Amino acid sequence: MEEAREILFWHLEHEQYEPPYSTELWEKACAFNEKDNQERHAAIKRMRRARTTMATAFADGELSCHLRPILGGKISAQLDPDLWNTEEIDARFETCQMSDQPFDFYASYDRQWIFVGRESLDRYCGGLGTTPVQPEISQHLSPYLKLMITVSGALQVSPENQPKLEEVLAKLRELWPDNLTMSDRMLNAMATAIREPEMQLGRARKTPAK
């Protein structure tokens, strides 16, 4: 791994010179770099998704945001959720800091530590639920079949509980693995297969009233 990194760095700095390594080593270094980039891309994608999810929760008031001076002191009351109604959120997550006047050019430099209200965090996390444990199956299952089983469990699909097509599609998108290519055609096929055949004809089963 380290050798591959050294080769790539040398190439970036001395591209105009004859490389002091073999073609085989160069190909191995390139293969390592491609794999490393794929892993980083998946991690960055997960990080961005988490940031967007939290920022939306702050903006919707589901999570309460509070500030405390860098050197210490009193934690503020909950900030106005509208202060999170912006696309400029990366710096807040990278530094865990923001200003109580983030849209004022000069005041925005006076940053404080960001805190999340415990009660709102517990309530929010409690509503997220957990991904159902997949059953033990001896036969080989493709990643797509595994995803369909997971989505079916998450939505508690049963003959009596048939979710709408839009709900199934939304859950598929939410749980879609980073290493699988997504397409509308595949999404619709999987969502259709998760539901009962009669659902395709628009005859949705309703849970009997209690």
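Further up the page is the structure itself.
Figured I'd write up the structure that's included with this text.

Conventions used here
Residue numbers run consecutively from 1 along every chain, following the written order of its sequence. This being a predicted model, a pLDDT of at least 70 is required before a residue's local features are given, and a value of 80 or more before pairs of side-chain atoms are given or counted; all residues contribute to the totals for chains, interfaces and linings. Think of the side-chain values as coming from all heavy atoms in the structure, minus any hydrogens and water. By definition, any uninterrupted DSSP run of H or I lasting at least four residues is a helix, any uninterrupted run of E lasting at least two residues is a strand, and each is numbered from the N terminus. Per-residue accessibility, obtained with a 1.4 Å probe over protein chains only, is compared with the maximum for each type, and a residue is labelled buried under 20%, exposed over 50%, and partly exposed between these values. Computed with a 1.4 Å probe, the accessible areas rest on the Shrake-Rupley method; for each residue, only the protein chains presented here act as cover. What the arc measures is the spread of directions leading from the helix axis to the C-beta atoms. In this description, contact between two residues means that some pair of their heavy atoms is separated by no more than 4.5 Å. Between 30 and 60 degrees the pair is tilted, below 30 it is stacked and above 60 it is edge-to-face, where a pair is any two Phe, Tyr or Trp rings, Trp via its six-membered ring, whose centres lie within 6.5 Å. Sitting over a ring, as applied to charges here, requires NZ of Lys or CZ of Arg to be within 6 Å of the ring centre and within 35 degrees of the ring normal.

This part is about the overall build of the chain. A count of helices and strands for the chain gives seven helices and three strands. Going from N to C terminus, the chain has its helices and strands arranged as α-α-β-α-β-β-α-α-α-α. Here the chain holds 210 residues, and 27% of them are scored as buried. When the accessible surface of the chain is summed, it comes to about 15,300 Å², and 53% of that surface belongs to carbon and sulfur atoms.

All buried positions along helix H6 (residues 165-175) are accounted for by Val-168, Leu-169, Lys-171 and Leu-172. Seen from one end, H6 has its buried residues packed into an arc of 165°, which puts them on one side. Of the surrounding elements, those touching the buried residues of H6 are helix H5 (143-154) and helix H7 (184-194).

All right, on to the packing of aromatic side chains then. Tallied over the full model, the rule gives three aromatic pairs. Taking the centre distance of 4.4 Å and the plane angle of 20° together, the rings of Phe-58 and Trp-84 count as stacked. Of the two residues, Phe-58 is situated in helix H2 (residues 23-59) and Trp-84 in the loop between strand E1 (65-68) and helix H3 (90-95); the sequence distance between them amounts to 26 residues. Of the two residues, Phe-58 and Trp-84, both sit in the buried class. The rings of Phe-58, Trp-84 and Phe-93 are connected pair by pair, giving a single aromatic cluster. Positioned above the aromatic ring of Trp-84, the side-chain terminus of Arg-92 is 4.8 Å from the ring centre.

The values reported here are purely geometric and, on their own, carry no functional implication.
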